[in-house]
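# Fold and contact review
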Amino acid sequence: MIPSSFDYLAPATLGEAVNLLHEHAGDAKILAGGQSLIPMLKLRLAEPALLIDINRIPGLGYVDERDGSLRIGALARESDLETASVVRQRYQILNDTTAVIADPLVRNSATVCGNIAHGDPGNDHPATMLALEATFVAVGPRGERRIAARDFFLGLFSTALNEDEILEEIVVPRPTAPAAGAYLKLERKVGDYATAGVAVQLTLDASGGCARAGIGLTNVGAMAIEAVRAQDFLRNKPLDSPTIAQAAEIAAGEADPIEDRRGSADYKRDVVRVLTARAIRIAANRAAGANIATPLPFTYSPSQAALRS
Amino acid sequence: MSKHSVSVTVNGTAHRSEVEARLLLVHYLRDELRLTGTHIGCDTTHCGACTVLLDGKPVKSCTLFAVQADGRSVSTVEGLELGGELHAVQKAFKEEHALQCGFCTPGMMMSAVALLERNPSPSELEIRQAISGNLCRCTGYVNIVKAIQHAAADMRATRHTPAYVPAQEPAQVSR
Ligand SMILES: Cc1cc2nc3c(=O)[nH]c(=O)nc-3n(C[C@H](O)[C@H](O)[C@H](O)COP(=O)(O)OP(=O)(O)OC[C@H]3O[C@@H](n4cnc5c(N)ncnc54)[C@H](O)[C@@H]3O)c2cc1C
Ligand code: FES
Ligand code: FES
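Keep in mind that what you see is a predicted model, and the values were worked out from it rather than measured. (Residues numbered from 1 in each chain as written. Chains lettered and ligands numbered in written order. Predicted model: local features only at pLDDT ≥ 70, side-chain atom pairs only at ≥ 80, totals over all residues. Heavy atoms only, no water.)

Time to look at the pairing of strand S2 (residues 13-20) of chain B. Residues and elements named next belong to chain B. The pairing of strand S1 (residues 3-10) with S2 spans 8 bridges and is classified as antiparallel. From the neighbouring strand, His4 faces S2, where its bridge partner is Val19. In this antiparallel pair of consecutive strands, S1 and S2, the connection spans 2 residues, and Asn11 shows a positive phi of 50°. (Pairing = 2+ DSSP bridges. Helix = DSSP H or I, 4+ residues; strand = E, 2+ residues; numbered from the N terminus.)

Pasting the structure below:
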């Protein structure tokens with residue numbers, strides 16, 4: 001399959017890229033990892049007149065902690081998240097998330113910012129960014145603006161980014177210990193989008209109860225959903241089994257799935273319930289100091305499950 | 001439509017070409033350079049038959065434009081053999097019967113080579129994860145995993161470094 005013709009420019013600075021995008025607003029697309037855009041171009045679901053390749057702009061591939069926050073630059077790849085030691089230490093939920101996105105080949109190219117900017121409800125990072133209360137830094141012709149994750153996702157393939165804005169950076173506030181998260185996803189096979197996915201980030205209080213919970217849901221609505229009622233319910237509660245079960249029920253009620261090849265709406269809601277309870281448990285145990293490895297996606301056969309230990 | 005002059009190093013040889021912006025790297029390799037070892041299986045970024053190494057990292061060449069490879073190094077299956085000697089991974093695929101129709105094999109081997117460059121002693125799980133973007137419809141993967149384990153052992157024993165595989169660079173390209 002061959003895309004329609006387009007012009008191609010690879011500016012050397014972010015400022016130049018913004019100018020080009022502004023000049024050609026509506027006709028131009030940013031090319032980052034290309035792992036969503038190029039398949040769409042090949043299927044001719046998108047036929048922009050101009051591609052603005054940002055891959056030649058130096059200095060955007062960072063994943064590092066500065067001023068009390070984790071910063072993920074526009075050209076940080078999924079595979080960079082997998083190898084960043086700061087992520088493994090304090091943001092394990094991001095490791096969990098990237099591990100279940102597509103496959104290692106796609107992850108070598110795909111960017112985390114592209115995953116957010118694309119606005120696909122099947123993408124896994126939006127739910128995680130909601131749970132982490134991330135902020136997105138957009139740069140446009142009028143300068144920079146910061147958008148909270150909960151104000152960013154507006155609907156199916158629709159985000160708060162303007163046509164002439166580039167997502168420059170994701171800022172994740174450093175969790176104050178004891179805190180941890182987990183991301184769990186059910187997929188039909190490696191590289192599949194989620195039947196449902198659940199991101200949970202918890203901060204514990206002195207007695208091991210829940211001081212704060214962030215919960216995001218993947219692919220059970222037109223966009224990633226912040227399970228606000230489940231979050232509120234958990235606040236200042238002990239993390240015992242009845243509480244976890246009830247929070248999971250509430251989160252399932254906040255999901256808004258439709259029936260498709262991945263299952264009925266009821267089935268998906270129940271997957272949300274099961275994954276929420278499991279993710280809360282993993283997050284709570286991690287926050288309490290347990291060393292729990294990134295879970296494998298739930299596609300492995302029982303014989304392969306033996307490989308986990 | 002725009003034409004671009006690109007210079008791409010493929011298996012150690014520099015090539016300079018005029019390409020249309022929409023030309024995919026896999027078509028550039030197969031149609032312009034006649035390197036037909038890199039296969040097109042699905043064309044929807046799922047199967048990994050088109051896997052090549054871009055600056056040492058395995059990527060799907062059906063989901064990358066040739067212009068994007070300007071100034072960069074690409075390794076394909078043709079570059080694995082050196083001076084008439086097969087790469088340890090190629091030998092092991094043959095010895096362990098890791099292929100049937102062979103369609104997935106070039107991509108599978110490129111993912112294996114990249115894994116072994118980075119991790120000389122991968123566990124079975126690490127091998128299965130590393131090739132999880134490469135689909136094989138014939139073998140059931142068991143012999144592929146065995147072949148990669150076999151190649152890993154050979155490479156550890158002989159410090160085998162024949163192929164043109166550039167060191168893996170960070171994803172950031174600055175110029
Ligand atoms: C086989 C396959 C399986 C996949 N499975 C999953 C999965 O399970 N989960 C998942 O989350 N994702 C999955 N993906 C999607 C993948 O993670 C994409 O790479 C990601 O959605 C987009 O990132 P990108 O860097 O490739 O963006 P591109 O494809 O380059 O761009 C995507 C869109 O975002 C825009 N854009 C990109 N970067 C910016 C920016 N910085 N500022 C403004 N706009 C920008 C582009 O203009 C374009 O419209 C899969 C992809 C493939 C091919
Ligand atoms: S042909 Fe490229 S992934 Fe299948
Ligand atoms: S050997 Fe036939 S697809 Fe792998």
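Going from Ala177 of chain A to Pro178 of chain A, the amide bond is cis rather than trans, its omega being -5°. Inspection of the secondary structure assignment puts Pro178 of chain A in the loop between strand S10 (166-173) and strand S11 (179-186). Positive phi, normally seen in glycine, also occurs at Asp55 of chain B, with a value near 45°. With respect to the helices and strands, Asp55 of chain B occurs in the loop between strand S3 (51-54) and strand S4 (57-60).

Turning our eyes to something else, we now look at the interface of chain A and chain B. With 42 residues of chain A in contact, the opposing surface of chain B contributes 41 residues. Interface area, chain A with chain B, both sides summed: about 3,200 Å², of which 57% is carbon and sulfur. Here chain A and chain B share 2 salt bridges between them. Here Asp43 of chain B ties to Lys42 of chain A by a salt bridge, and the two come within 2.9 Å at their closest N and O atoms. Inspection of the region where chain A meets chain B yields 10 residue pairs in polar contact (both at pLDDT 80 or more). Every element with two or more residues in the side of chain A that touches chain B is listed here: strand S1 (7-9), helix H2 (37-42), strand S3 (50-53), helix H3 (78-83) and helix H6 (104-109) of chain A. It is H6 of chain A that provides the largest number of residues to the side of chain A that touches chain B, a total of 5 residues. (Contact = heavy atoms within 4.5 Å. Buried area = accessible area lost by both parts, 1.4 Å probe. Salt bridge = Lys/Arg side-chain N within 4 Å of Asp/Glu carboxyl O. Polar contact = N/O pair within 3.5 Å; in protein donor to acceptor, adjacent residues only side chain to side chain.)

Sheet strands line up and pair through hydrogen bonds in the backbone, either parallel or antiparallel. Residues and elements named next belong to chain B. The strand order across the open sheet built from 5 strands is S2-S1-S5-S3-S4, with neighbouring strands paired in mixed fashion. Of all strands in the sheet, those bounded by a partner on one side alone are S2 and S4. Pairwise comparison of adjacent strand axes, ignoring direction, gives a mean angle of 40° for this sheet. Looking at chain direction, S3 and S4 are connected through 4 bridges and run antiparallel. By the bridge assignment for S4, Leu53 is matched with Pro58. (Axes fitted to C-alpha atoms, helices over the stretch in contact; angles between N-to-C directions.)

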